[in-house]
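Results of the structural survey
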Amino acid sequence: MRHIYACPLRWSDMDAFGHVNNVVFLRYLEEARIDFMFRLAPGDGSPSFSGGSVVARHEIDYVRPLVHRHEPVTVESWVTKISAASLTIAYEVKDDDQVYVRASTIVVPYDLEAQRPRRITADEKSYLQEYLDTPGVLVA
């Protein structure tokens, strides 16, 4: 299963060449990631992911330019790896027939009060497994 996020394009996202600036794509990924990770909390009363998380790594491949338009672009997100204290989220920024960006992010759950990384909880693992690209493959 993939998480789908409709990301609006803003006029200020464009660079001097008339297409979405490369740095702006990281903002699109962030918006989709936050929407994805906070689906589990706090609306259902679960504290999952609400304590914080940090980005440990981004990888991004720019496939083709995205030109400003009024329609949002789709950001699909899914999980490719779950370990004891991190997860990897993959993305495609796309339309129905075109991919603009492929990317991945390593996210580390973080205890803001203790100022240190923390382990992924059982509730978080259960939620993330629904989006794992190869169900049954889980690194504990």
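For the structure itself, consult the block above.
All of the points below concern the structure found in this document. Each chain carries its own residue numbering, running from 1 in the written order of its sequence. A pLDDT threshold of at least 70 governs which residues receive local features in this predicted model, and a stricter bar of 80 or more applies before side-chain atom pairs are shown or counted, although totals over entire chains, interfaces and linings include all residues. Water and hydrogen atoms play no part in the side-chain values, which are based on all heavy atoms of the structure.

Definition used in this section: a nonpolar core is a set of buried Ala, Val, Leu, Ile, Met, Phe, Trp, Tyr and Cys residues joined via side-chain atoms within 4.5 Å. Using a 1.4 Å probe on the protein chains alone, a residue whose accessible area is under 20% of its type maximum counts as buried, one over 50% counts as exposed, and one in between counts as partly exposed. Among the nonpolar cores identified, the biggest contains 30 residues, and Tyr-28 and Leu-128 are the most heavily contacted of them. When contributions to this core are tallied by element, the ones reaching two or more residues are strand 1 (3-7), helix 1 (22-37), strand 3 (73-82), strand 4 (87-94), strand 5 (99-111) and helix 2 (122-129). With 7 residues, helix 1 is the largest single contributor of residues to this core. Here, two residues are considered to be in contact whenever any of their heavy atoms come within 4.5 Å of each other. With residues up to four places along the chain from it excluded, the contact list for Tyr-28 reads Cys-7, Pro-8, Leu-9, Arg-10, Asp-13, Val-20, Leu-66, Val-73 and Val-75. Helix and strand definitions here come from DSSP, where helices need a minimum of 4 consecutive H or I residues and strands a minimum of 2 consecutive E residues; each element is numbered from the N-terminal end.

Buried within helix 2 are the following residues: Glu-124, Tyr-127 and Leu-128. Projected down its long axis, helix 2 carries its buried residues within an arc of 95°, all on one side. Of the surrounding secondary structure, the elements contacted by the buried residues of helix 2 are helix 1, strand 3 and strand 4. By arc we mean the arc of the directions from the helix axis to the C-beta atoms, nothing more.

Let us now look at the packing of aromatic side chains. We call Phe, Tyr and Trp rings a pair once their centres come within 6.5 Å, taking the six-membered ring for Trp, and we label the pair stacked below 30 degrees between planes, edge-to-face above 60, and tilted otherwise. Taken as a whole, this structure holds 5 aromatic pairs when the rule is applied. Note on Phe-25 and Tyr-28: the rings are 5.7 Å apart at their centroids and 75° apart in plane angle, and the pair reads as edge-to-face. Separated by 3 residues within a single helix, Phe-25 and Tyr-28 lie in helix 1, roughly one turn from each other. An identical accessibility class is assigned to Phe-25 and Tyr-28; each is buried. Between Phe-36 and Tyr-131, the ring centres sit 4.9 Å apart and the planes meet at 85°, which makes this aromatic pair edge-to-face. Of this pair, Phe-36 sits in helix 1 while Tyr-131 sits in the segment after helix 2, and the two are 95 residues apart along the sequence. The burial state of Phe-36 is the same as that of Tyr-131; both residues are buried. Three or more aromatic residues joined by ring pairs make a cluster, and in this case those are Phe-25, Tyr-28 and Tyr-62. Here, a charge over a ring is recorded when the distance from Lys NZ or Arg CZ to the ring centre is within 6 Å and its angle to the ring normal is within 35 degrees. Across from the ring centre of Trp-78, 3.4 Å away, lies the NZ or CZ of Arg-2, which sits over that ring.

Now for the pattern of salt bridges. The term salt bridge refers to a side-chain nitrogen of Lys or Arg lying within 4 Å of a carboxyl oxygen of Asp or Glu. Tallied over the entire structure, the rule returns 10 salt bridges. Its salt-bridge partner being Arg-57, residue Glu-59 comes within 3.1 Å of it at the nearest N-O pair. Three or more residues joined by partner-sharing salt bridges are found here, namely Arg-2, Glu-76, Glu-92, Lys-94 and Arg-102.

With 16 residues, helix 1 extends 23 Å from end C-alpha to end C-alpha; this agrees with the ideal 22 Å at 1.5 Å per step. For helix 1, every residue scored as buried is listed here: Val-24, Phe-25, Tyr-28, Leu-29, Ala-32, Arg-33, Phe-36 and Met-37. Packing partners of the buried residues in helix 1 comprise strand 1, strand 2 (53-62), strand 3, strand 4, strand 5 and helix 2. Polar contact is the term for a pair of N or O atoms within 3.5 Å; when the atoms are in protein, one must be able to donate a hydrogen and the other to accept it, and sequence-neighboring residues count only if both atoms are side-chain atoms. Two to three positions downstream of the cap, the backbone nitrogen of Val-23 sits 2.9 Å from a side-chain oxygen, assigning the N-cap of helix 1 to Asn-21. Expected helix span is given by 1.5 Å per residue-to-residue step, counting one fewer step than there are residues.

The next subject is the side chain of Arg-118. Within the secondary structure, Arg-118 sits in the loop between strand 6 (116-117) and helix 2. Side chain to side chain, Arg-118 and Glu-124 meet in a polar contact 2.7 Å long. In this structure, Arg-118 is in contact with Phe-49, Gly-52, Ala-85, Pro-109, Tyr-110, Asp-111 and Glu-124, ignoring residues within four places of it in sequence.

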